[in-house]
Amino acid sequence: MNQILHIECSARGDASFSSRVARYAVESLLRENPGVHVARRNLGSEPPPHLSAGFVDAILLPPHTRTTAQRDALALSETLIEELELADVVVMGTPMHNYAVPSGLKAWFDHIMRAGRTFSLSPQGKIGLLRDRPVLVAVSSGGFFTGGGAARQPDYLTGYVRAVFATIGIRNVEFVTVEGMGRGRDREAIMLASARRWIDANIGARERRQARVM
Ligand SMILES: Cc1cc2nc3c(=O)[nH]c(=O)nc-3n(C[C@H](O)[C@H](O)[C@H](O)COP(=O)(O)O)c2cc1C
């Protein structure tokens, strides 16, 4: 492993629960793989802009016919895609907002999902053009959305994130959730401890297994 892409999606900085869990996962990976480079992208404090008319026009054109202005309109998209291409592992922390991903993360997906660049179109449907790699998504929510009876709301987050990553070829996506974070300090502590245990058991163990195979 050479590079981890660490993406934070909460605007709440150090107070963010999803960021805390994602950071713990990155630290675990670094303990297992000292010296690995970590590229960081904060979609909470610096969200990518909504797509402009220039962007939408440019993505529809064959690359060699794009004007300088059209290439400029795609510059951030290229940077974000290259960051993802370089990553051997992606660790993401995201809140649930209105049953779905926060708008900064939605904008990131809008910038990286490009026909002819990260997926191709075929009569059989979309074919991903990126190599598969592990993605760990730490999700924080005020209420509950997994766990059968305790869930009192729809979940348009996990299925969406799985679907868009799968479209570009990334199928190895796992979620660790801290739910009910609006239910008081005791609940927060229980959920954060449980997420840390899951990471200790799964991230470290998987890395050690891979190291033995290699
Ligand atoms: C705009 C907004 C929308 C939210 N929507 C939901 C929601 O649909 N379901 C839920 O369980 N919690 C919702 N919450 C609560 C957050 O998911 C919760 O506070 C979470 O801990 C935020 O993640 P963070 O701590 O990483 O910032 C929402 C919070 C905000 C600010």
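Use the structure listed above.
Quantities reported herein were computed from a predicted structural model and do not represent experimental measurements.

Conventions adopted
- Residues numbered from 1 in each chain as written.
- Predicted model: local features only at pLDDT ≥ 70, side-chain atom pairs only at ≥ 80, totals over all residues.
- Heavy atoms only, no water.
- Helix = DSSP H or I, 4+ residues; strand = E, 2+ residues; numbered from the N terminus.
- Rg over C-alpha atoms; globule rule 2.2 N^0.38 Å.
- Buried < 20%, exposed > 50% of the residue type's maximum accessible area, 1.4 Å probe, protein only.
- Contact = heavy atoms within 4.5 Å.
- Areas by Shrake-Rupley, 256 points an atom, 1.4 Å probe, with all protein chains shown as cover.
- Lys, Arg positive; Asp, Glu negative; His and termini not counted.
- Charge placed at Lys NZ, Arg CZ, Asp CG, Glu CD.
- Pairing = 2+ DSSP bridges.
- Axes fitted to C-alpha atoms, helices over the stretch in contact; angles between N-to-C directions.
- Salt bridge = Lys/Arg side-chain N within 4 Å of Asp/Glu carboxyl O.
- Polar contact = N/O pair within 3.5 Å; in protein donor to acceptor, adjacent residues only side chain to side chain.
- Near = heavy atom within 4 Å.
- Nonpolar A, V, L, I, M, F, W, Y, C, P; charged D, E, K, R; others polar.
- Parallel < 35°, antiparallel > 145°, perpendicular 65-115°, else oblique.
- Left-handed = near helix turned anticlockwise from the far one by under 90°.

1. Side note on the overall build of the chain
Consideration 1: When helices and strands are counted, the chain shows seven helices and seven strands.
Consideration 2: Listing each helix as α and each strand as β along the chain from the N terminus yields β-α-β-α-α-α-β-α-β-β-β-α-β-α.
Consideration 3: Computed over the C-alpha atoms, the radius of gyration of the chain is 18 Å, within 12% of the 17 Å expected from 2.2 N^0.38 for a compact globule of 214 residues.
Consideration 4: Residues classed as buried in the chain amount to 46% of the 214 residues present.
Consideration 5: For the chain, contacts bridging at least 24 residues in sequence account for 77% of all contacts bridging at least 6.
Consideration 6: Of the accessible surface of the chain, which amounts to about 10900 Å², a share of 53% is contributed by carbon and sulfur atoms.
Consideration 7: Of the side-chain charges in the chain, 26 are positive and 21 negative, and the distance between the mean point of each set is 4 Å.

2. Topic: the sheet that holds strand β7 (residues 173-178)
Consideration 1: Spatially, five strands are ordered β2-β1-β3-β6-β7 in an open sheet, and the strand pairing comes out parallel. Every other strand in the sheet has two partners, leaving β2 (37-42) and β7 as the edge strands with one partner each. Each strand axis lies, on average, 15° off the axis of its neighbour in the sheet, ignoring direction.
Consideration 2: With six bridges connecting them, strand β3 (residues 89-95) and strand β6 (residues 135-140) associate as parallel partners. If you follow valine 90 over to β6, its bridge partner there is valine 135.
Consideration 3: Helix-sheet contacts for helix α1 (residues 17-32) involve β1 (3-8), β2, β3, β6 and β7, and the interaxial angle to β3 is about 165°.

3. Considering the pairing of β3
Consideration 1: Among the seven residues in β3, seven count as buried, and that is most of the element.
Consideration 2: Burial along β3 is two-sided: Val89, Val91, Gly93 and Pro95 facing one way and Val90, Met92 and Thr94 facing the other are all buried.
Consideration 3: Direction of pairing for β1 relative to β3: parallel, over a ladder of five bridges. Within the sheet, the bridge partner assigned to glutamate 8 lies in β3 and is glycine 93.

4. Quick look at the side chain of arginine 133
Consideration 1: By the element assignment, arginine 133 lies in the loop between β5 (125-128) and β6.
Consideration 2: Aspartate 88 provides the closest opposite charge to the buried, unpaired arginine 133, separated from it by 6.1 Å.
Consideration 3: Within the structure, arginine 133 has its side chain in polar contact with the backbone oxygen of alanine 87 (distance 2.8 Å).
Consideration 4: Setting aside chain neighbours within four positions, we find arginine 133 in contact with Leu84, Glu85, Leu86, Ala87, Asp88, Val90, Ile170 and Asn172.

5. A word on the site of the ligand
Consideration 1: In the neighbourhood of the ligand, 15 residues make up the surrounding shell, with Ser10, Ser16, Ser18, Ser140 and Gly143 lying closest.
Consideration 2: Phenylalanine 17 is positioned such that a nitrogen or oxygen atom in its backbone is 2.9 Å from an oxygen atom of the ligand.
Consideration 3: Bound to the protein, the ligand loses 71% of the 630 Å² it would expose on its own.
Consideration 4: Among the residues forming the shell around the ligand, the class breakdown is four nonpolar, 10 polar and one charged.

6. Some remarks on the pattern of salt bridges
Consideration 1: Using the criterion set out here, one finds nine salt bridges in the structure.
Consideration 2: For arginine 114, the salt bridge goes to glutamate 78, with nearest N and O atoms at 3.1 Å. Of the two residues, arginine 114 sits in the loop between α5 (103-112) and β4 (119-122) while glutamate 78 sits in helix α4 (residues 75-86), which places them 36 residues apart along the sequence.
Consideration 3: Arginine 114 sits in the buried class, given a relative accessible area of 3%.
Consideration 4: With its nearest N and O atoms 3.6 Å apart, the salt bridge here joins glutamate 188 to arginine 185. Taken together, the residues glutamate 188 and arginine 185, both in helix α7 (residues 185-213) and three residues apart, mark about one turn of the helix.
Consideration 5: One continuous salt-bridge network, built from bridges that share partners, spans Glu78, Glu85, Arg114 and Arg117.

7. Observations regarding the packing of α5 against helix α6 (residues 158-167)
Consideration 1: Interhelical geometry of α5 versus α6 gives an angle of 15° and a closest axis separation of 11 Å. Viewed along their axes, α5 and α6 adopt a mutual orientation that is roughly parallel. The way α5 lies across α6 gives a crossing that is left-handed. Contacts between α5 and α6 involve Lys106, Trp108 and Phe109 on the former and, on the latter, Tyr160, Val161, Val164 and Phe165.
Consideration 2: Looking at side-chain class alone, the contact of α5 with α6 contains six nonpolar, no polar and one charged residues.

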